[in-house]
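Chain and residue survey
For reference, the chains in residue letters:
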Number of protein chains: 2
Amino acid sequence: MEAKARAPGKIILSGEHAVVHGFTAVAASIDLYTYVSIRFPTPSDNHDMLKLQLKDMGLEFSWPISKIAEVLPESGSQSSSVPISCSVESSKSIAALVEEQNIPEAKIGLASGVSAFLWLYSSIQRFKPATVVVTSELPLGSGLGSSAAFSVALAAALLACTDLVSLDVNDQGWLSFGEKELELVNKWAFEGEKIIHGKPSGIDNTVSTYGNMISFRSGNLTHIRANMPLKMLITNTKVGRNTKALVAGLAERTLRHPDAMSFVFSAVDAISKELAQIIQSPTPDDLSVTEKEGKIEELMEMNQGLLQCMGVSHAAIETVLRTTLKYKLASKLTGAGGGGCVLTLLPTLLSGTVVEKVISELESCGLQCFTAGIGGKGVEISFGVPS
Amino acid sequence: MEAKARAPGKIILSGEHAVVHGFTAVAASIDLYTYVSIRFPTPSDNHDMLKLQLKDMGLEFSWPISKIAEVLPESGSQSSSVPISCSVESSKSIAALVEEQNIPEAKIGLASGVSAFLWLYSSIQRFKPATVVVTSELPLGSGLGSSAAFSVALAAALLACTDLVSLDVNDQGWLSFGEKELELVNKWAFEGEKIIHGKPSGIDNTVSTYGNMISFRSGNLTHIRANMPLKMLITNTKVGRNTKALVAGLAERTLRHPDAMSFVFSAVDAISKELAQIIQSPTPDDLSVTEKEGKIEELMEMNQGLLQCMGVSHAAIETVLRTTLKYKLASKLTGAGGGGCVLTLLPTLLSGTVVEKVISELESCGLQCFTAGIGGKGVEISFGVPS
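Residues numbered from 1 in each chain as written. Chains lettered and ligands numbered in written order. Predicted model: local features only at pLDDT ≥ 70, side-chain atom pairs only at ≥ 80, totals over all residues. Heavy atoms only, no water.

If you check an unreviewed UniProt entry, chain A appears there as Mevalonate kinase from Acacia crassicarpa. As stated in UniProt under Pathway (unreviewed entry), the record for chain A gives "Isoprenoid biosynthesis; isopentenyl diphosphate biosynthesis via mevalonate pathway; isopentenyl diphosphate from (R)-mevalonate: step 1/3." Its UniProt record gives chain A a comment under Catalytic activity (unreviewed entry), which states: "(R)-mevalonate + ATP = (R)-5-phosphomevalonate + ADP + H(+)". (UniProt positions renumbered as here; feature names shortened; annotations may be inferred.)

Shown next as structure tokens:
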């Protein structure tokens, strides 16, 4: 049997940075996925290894199951129905297991993801040999929630192979989890995110688990059900960001200009609330989809101006804004800024020819483009023939 | 005798647009001037014409003085110590006087300035033949207050030749007016501005008259005395703006998003107040000039982001921002936006070589650059040999 989970990436529709200062942000899932499949060897396979294949990168890591059982004995001792955090002791053992794999220097950023894998695998599936294959449509480290999608898909695939989850393995296609099962996936994924990020907000894994949209403020999450289709062009500037430095720089600016910045954050808060309201309101209500799209575009432009006011934009982001504006399309950065990705709303009535032109112009600047539906389903699972 | 007045242009340092909605803006004079000189013919000149020469444009208009006295009899009947508005009757007569001059179609925008000239001249100097010569360092209609500088210089030159103003005509160089005289110049200039603009705010003529800086909110003006040198690069995008359409567009955006926009305006208000405070505080106080410049640059960047949030920027403005940012210089649009001029702070310690490079790069994009000292003297007069 093979269990394959897919978990979506996310974008911040509005409110990045302001959310750090206690104001509202809106995040949404995108229909670009990370896939994690698990295959347990048949007796004839005759292997007792745990293998992790990162297909996109052509990398494979493997450990004798006996070695994992030896250095991580506590993993096997608890119930996987109660997610537990990786202890200092275990994280040291895991670090040693990762180190011996000799990850290429250029890919050393993957080490924390491999650590998260070892913790989740050994905690949920104990010491069973298996081959775990990961592929992804999400660019890494660009603010599209690739690590959360990995943690969620991994937790989902692992839990789907336990008796904690009851799904019909003979069903065709992608299956959704029940409410309680989603909660468990989300909690385990959060443990993975903690290993990867240290102090994650929990937003990314929650969006990836539940899909759709989430409004969040001061740690309180509210699920939003979109009542209109929403499609974005996502442009990856491929400029590496230093999120910590951007957040710290803005914190200093806020200390220097407390009055002005508190109004700026409040303006973002109002934008997030209005955006959530527009997206949730029934269509056709007072407004047609086109009218709603116009409002959303205006709110995106306003939010981008406020992000520029915070000093977190970047020349590469401005290039995208300038290019899309030529086609009368509204854009804003998404995530930490200082590089990363830019969102451009693709209105329902926009012709495919225009989209192709914009993409070709952006790609000619060396940028990477994706089109994605916004606010789709969260994590799903399928049981099928190994691919 | 020749009387020559010079009156400075102005920039909006912060708060454009927000001021329309009742929030604080800061305006300052720049050391780019409009010059108006008046020469009365000697008996041997044997002419009884009123001539207006717009030297920069190679235009000359002239009217027989007898004709002006015939169609504008009321002008001669009042005291020039009490500025009076142009009546509907007089404005019709003036329109006819202007029309017969056959202003070239491409320069038809000058007609209202010529009308203002006729009203101020006939009201202050009655029906005396004279030759009035106008030259200017200010680009027209680019938001640098060229019309106000013209009205102020004209009113000053005209009043300097009456007994309402007591200045030593034998003194060399530029002379300043007394407080009461400035008030009279400003009021007459405002009458000129009303003819040119319909409903001027009175800010431009006040800055041009008094120089230095002015903070204004809801019609209340406060004079600010700068305690630090301030130098700007002013780049004219040469993109024509439609101020009324920009103001109306923002008013509509404000109706659509009242919560967000009220916070945006409040943020601008806080920026204007902080800017005024920094500029007025004694140097060296807690902060060196360089530290103050750093704060002003940050406030300019923030204000520009908020202007982008209001939707009043323009591709040509962004080109200037991008270019100056390459040299780590902060810029913002000034005035209505949608084209017009962009300010770039030139820090005291910035090398001349860098300034030259920036200017040459901007000029290679077809833009027009000026460097100007900010917050200098207001209107001044000199009596000298005709040039």
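We now examine the relation of the copies chain B and chain A. Overlaying chain B on chain A yields an RMSD of 0.0 Å, the required transformation being a rotation through 180° with an accompanying axial translation of 0.1 Å. What the rotation and shift describe, once combined, is the action of a two-fold rotation axis. Relative to the rotation axis, the closest C-alpha in chain B is found at Gly305 of chain B, a distance of 2.3 Å. The overlap is high: 100% of the interface residues of chain B also sit at the interface in chain A, so the same surface is used on both sides. (Least-squares fit on C-alpha atoms with pLDDT ≥ 70 in both. Contact = heavy atoms within 4.5 Å.)

Next up on the list: the sheet that holds strand β11 (residues 341-345) of chain A. All names here are of chain A. Read from one edge of the open sheet, four strands run β10-β11-β9-β12, paired in antiparallel fashion. Two strands bound the open sheet, and with one partner strand each, they are β10 (331-334) and β12 (368-373). Averaged over neighbouring strand pairs, the angle between their axes works out to 30° when direction is ignored. Running at roughly 55° to β10, helix α9 (residues 289-310) makes contact with β9 (231-236), β10 and β11 of the sheet. (Pairing = 2+ DSSP bridges. Helix = DSSP H or I, 4+ residues; strand = E, 2+ residues; numbered from the N terminus. Axes fitted to C-alpha atoms, helices over the stretch in contact; angles between N-to-C directions.)

A few words on the interface of chain B and chain A. Each partner contributes to the interface: chain B provides 25 residues, whereas chain A provides 25 residues. Carbon and sulfur atoms make up 61% of the surface buried where chain B meets chain A, a total of about 2,200 Å² over both sides. Taken as a group, His257, Glu298 and Met302 of chain B account for 25% of the area that chain B buries against chain A, more than any other trio of residues on that side. The partner of Glu301 of chain A in a salt bridge is Arg253 of chain B, with the nearest N and O atoms 2.6 Å apart. Along the contact surface separating chain B from chain A lie 10 residue pairs in polar contact (both at pLDDT 80 or more). For the side of chain B that touches chain A, the elements supplying multiple residues, two or more each, are α7 (243-256), α8 (258-280), α9 (289-310) and α10 (315-326) of chain B. (Buried area = accessible area lost by both parts, 1.4 Å probe. Salt bridge = Lys/Arg side-chain N within 4 Å of Asp/Glu carboxyl O. Polar contact = N/O pair within 3.5 Å; in protein donor to acceptor, adjacent residues only side chain to side chain.)

Turning to the sheet that holds strand β10 (residues 331-334) of chain B, a few remarks are in order. All names here are of chain B. Spatial strand order, β10-β11-β9-β12: four strands in an open sheet with antiparallel pairing. Every other strand in the sheet has two partners, leaving β10 and β12 (368-373) as the edge strands with one partner each. Averaged over all neighbouring strand pairs, the angle between strand axes comes to 30°, with direction disregarded. Taken together, the five bridges between strand β9 (residues 231-236) and strand β11 (residues 341-345) define a ladder with antiparallel strand orientation. Pairing of Leu233 across the sheet is with Thr344, part of β11. Across the sheet, α9 lies against β9, β10 and β11, angled at about 55° from β10, the strand it touches most.

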